[in-house]
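Descriptive structure summary
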Amino acid sequence: MKKILFFGTGEFGLKPLKALIKSSNFKIVGVVTNPDKEVGRHQKLSFSPIKKITLENNIKVFQSQKLKDNSKFLKIVRNLKPDLIVVIAYGLIIPEEILEIPKFRSINVHASLLPKFRGPSPVQFQILKGERKTGVTIMLMDKKIDHGPILKQKKVTLSPSITAGELHDKLSEFSIELLTETLNQWVEGEIKPQVQDRSEATYTKILKREDGHINWSKKKIDIERMVRAFDPWPGTFSFLNKKRLKILKVKISNHKAKKTCQNGQIVVFSDKMLVKCKDGFIEVLKLQMEGKKVVNASEFIRGYNVNGSILS
RNA sequence: CGCGGGGUAGAGCAGUAGUAGCUCGCGAGGCCCAUAACCUCGAGGUCGCCGGUGCAAAUCCGGCCCCCGCAA
């Protein structure tokens, strides 16, 4: 049984971690996850689902603000004598001196077809860019982010209506089998790592809340993709009368815009809510006014008199 | 005690002291070849809960419950 030290914080690694815990070929000797945070409306201290499942299985949890130049943590890892390190959605950069400890190296699961969409937000950016294919890559880690040699990769077709949340769950699910299969073959020496083609590399940045602010002078297809790409996080929004209006679900409209319409202007047509953008209208289907509940556009129109108002 | 908005008819909203309203939905009838369109009439609310101050409270004061935005 090979000993694995697992690094993970995000939901993405939850199911794969569960699978490794159950696996008879591997033993999780510890889980490293980000420190507990004050979270939610009342700033209550809470910890990640990864930590919860780890504690439930009586596995040691390590939480550290920083790993770089942290000799204490380095010592802990050395003492655990892991055969492998597995990193999924951890959230911090892991120093090379730690990655180099295990005999079978350190392995990362990444939600894109590397070398494309390296970086922290592959799921969102693949939808944003309108990719047709996506997938999961299992790779060896080195000093650079998402740069190491590929062990295994599996492609999936990307549905044109999927949201980031749905794709995230789908790829996470998809990772379970791929990871265990890859690890088994890797420790048996059955896989030859393939170096990434550097010339094909693209990068994603970490998304911030403000990135969800819709620019209505963009094309309708870009806005539609953005709404799906940022669902559920960071979400897309606009402002109506200085109040924040979350735009939760939209559809590309085929209605022609009059010349007098300006970008961001709301046009109520029948019981539809259309918003002017660069090359036509986006139909808003579901939205939420600050402090209010989520409503369908038809309900929203009845209560608020917004025909002709401008979203900014 | 992180900051803030809100709980009014089935739905979404307006209404800061004096007999509760709008849009939609619902019911009945009408117009029409016909209709999700239009017209007429109608049903449906103890205004989140409890207490207080007023001649009078959805509206002012206090407490409680629930929902939500920001922030993380």
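The structure contained in this document is the topic of the report that follows. The structure presented is a predicted model; accordingly, all values stated were derived computationally and were not measured. (Residues numbered from 1 in each chain as written. Chains lettered and ligands numbered in written order. Predicted model: local features only at pLDDT ≥ 70, side-chain atom pairs only at ≥ 80, totals over all residues. Heavy atoms only, no water.)

1. Some words on the pairing of strand S13 (residues 272-277)
Let me state the cut-off plainly: A 1.4 Å probe rolled over the protein chains alone gives each residue an accessible area, and that area as a share of the maximum for its type sets the label: buried under 20%, exposed over 50%, partly exposed in between. By the criteria applied, helices consist of DSSP H or I runs no shorter than four residues and strands consist of E runs no shorter than two, each listed in order from the N terminus. Two strands pair if DSSP finds at least two bridges between them.
Across the six residues that make up S13, a large majority, five, are buried. Note that strand S12 (residues 266-269) and S13 share four bridges and pair antiparallel. Paired with Val267 across the two strands is Leu274, which belongs to S13. Between S12 and S13, which pair antiparallel and follow one another directly, the connecting turn spans two residues, one of which, Ser270, has a positive phi of 60°. Pairing geometry for S13 and strand S14 (residues 280-289), over five bridges, is antiparallel. Its bridge partner lying in S14, Val275 is registered against Ile282. The turn joining S13 and S14, which pair antiparallel and follow one another in sequence, is formed by two residues.

2. A few points about helix H3 (residues 71-80)
Where we set the bar: It is the directions from the helix axis to the C-beta atoms that the arc portrays. Any two residues whose heavy atoms approach within 4.5 Å at even a single point are treated as in contact.
Phe73, Leu74, Val77 and Leu80 are the residues of H3 that are buried. One face of H3 carries all of its buried residues, which in axial projection span an arc of 125°. Among the exposed residues of H3, those oriented more than 90 degrees off its buried face are Ser71, Lys72, Lys75 and Asn79. Looking at the buried residues of H3, the elements they touch are strand S1 (2-8), strand S2 (26-32), strand S5 (61-62) and helix H4 (96-99). At the exit of H3 stands Lys81, carrying a positive phi of roughly 50°.

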